[in-house]
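Per-entry structural report
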Amino acid sequence: MNNVLLHRITEKGNIRYYSIEIITTLFEEYMVERVYGNVRFKSCTGRKNNVFPSFNEAQIFFEKLKKQKMKKGYA
């Protein structure tokens, strides 16, 4: 799986989301893009990109981020 959308509900009732996706670039590299925020707002709170030379490295980073977010309560 190359993309995942996680969400969690905070103690105050806010719904937070965290999207992680692996994208192929024009230069045959792989980018892991993270988009996160609160559903109450129109635009995302943040967006981060990490570029990797191989799909395997990107996949390892993707899985690491996914596990970290699931430990923090995202599902």
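For the structure given in this document, a descriptive report is provided here. As the structure is a prediction and not an experimental result, all values here were calculated from the model. (Residues numbered from 1 in each chain as written. Predicted model: local features only at pLDDT ≥ 70, side-chain atom pairs only at ≥ 80, totals over all residues. Heavy atoms only, no water.)

Topic: the overall build of the chain
Put simply, the rule reads: Put simply, DSSP marks the helices as runs of H or I at least four residues long and the strands as runs of E at least two long, and each gets a number from the N terminus on. Buried means the residue's accessible area, taken with a 1.4 Å probe over protein chains only, is under 20% of the maximum for its type, while exposed means over 50%, and partly exposed covers the values in between. Any two residues having at least one pair of non-hydrogen atoms within 4.5 Å are treated as being in contact.
A count of helical and extended segments in the chain gives one helix and four strands. Counting from the amino terminus, helix and strand elements in the chain follow one another as β-β-β-β-α. C-alpha extents for the chain along the principal axes are approximately 40 × 25 × 15 Å. Burial statistics for the chain: of 75 residues in total, 29% are counted as buried. For the chain, long-range pairs separated by at least 24 residues make up 35% of all intrachain contacts whose partners lie at least 6 apart in sequence.

Brief notes about the pattern of salt bridges
Under the convention used in this document: Any carboxyl oxygen of Asp or Glu within 4 Å of a side-chain nitrogen of Lys or Arg constitutes a salt bridge here.
This structure, assessed with the given rule, holds one salt bridge. Among the salt bridges present, the one from E33 reaches R47, with a minimum N-O distance of 3.1 Å. Of this pair, E33 sits in strand β3 (residues 30-38) while R47 sits in strand β4 (residues 46-52), and the two are 14 residues apart along the sequence.

Looking at the side chain of E33
The condition is simple: For the purposes of these results, a polar contact is taken to be a pair of N or O atoms within 3.5 Å, where, inside protein, one atom must be able to donate a hydrogen and its partner to accept one; residues adjacent in sequence count only when each atom of the pair is a side-chain atom.
Judged by relative accessible area, which is 15%, E33 ranks as buried. A distance of 3.1 Å separates polar atoms of two side chains, one belonging to E33 and the other to R47. E33 has contacts with S19, I20, E21, I23, R47, K48 and N49, leaving out every residue within four places of it along the chain.

Considering the nonpolar core
Generally speaking, nonpolar side chains in soluble globular proteins are found buried as a group. Short version of the rule: What we call a nonpolar core is a set of buried Ala, Val, Leu, Ile, Met, Phe, Trp, Tyr and Cys residues that are connected through their side-chain atoms within 4.5 Å.
Among the nonpolar cores identified, the biggest contains 13 residues, and Y18, I20 and V32 are the most heavily contacted of them. Elements that contribute at least two residues to this core include exactly β1 (3-9), β2 (15-24), β3 and α1 (55-71). Contacts of I20, omitting those with residues within four sequence positions, involve N2, N3, V4, V32, E33, F62, L65 and K66.

Observations regarding the pairing of β3
Note the following rule: Pairing between two strands requires that DSSP report at least two bridges joining them.
Burial analysis of β3 places eight of its nine residues in the buried class, the great majority of the element. Sheet topology note: the β2/β3 ladder contains nine bridges and is antiparallel. Bridge pairing in β3 links I23 to M31. The antiparallel pairing of β2 with β3 creates a hairpin that spans five residues between the two strands, and E28 there sits at a positive phi of about 60 degrees. In the sheet, β3 pairs with β4 via seven bridges, with the strands oriented antiparallel. Following the sheet pairing, V35 is matched in β4 by R47.

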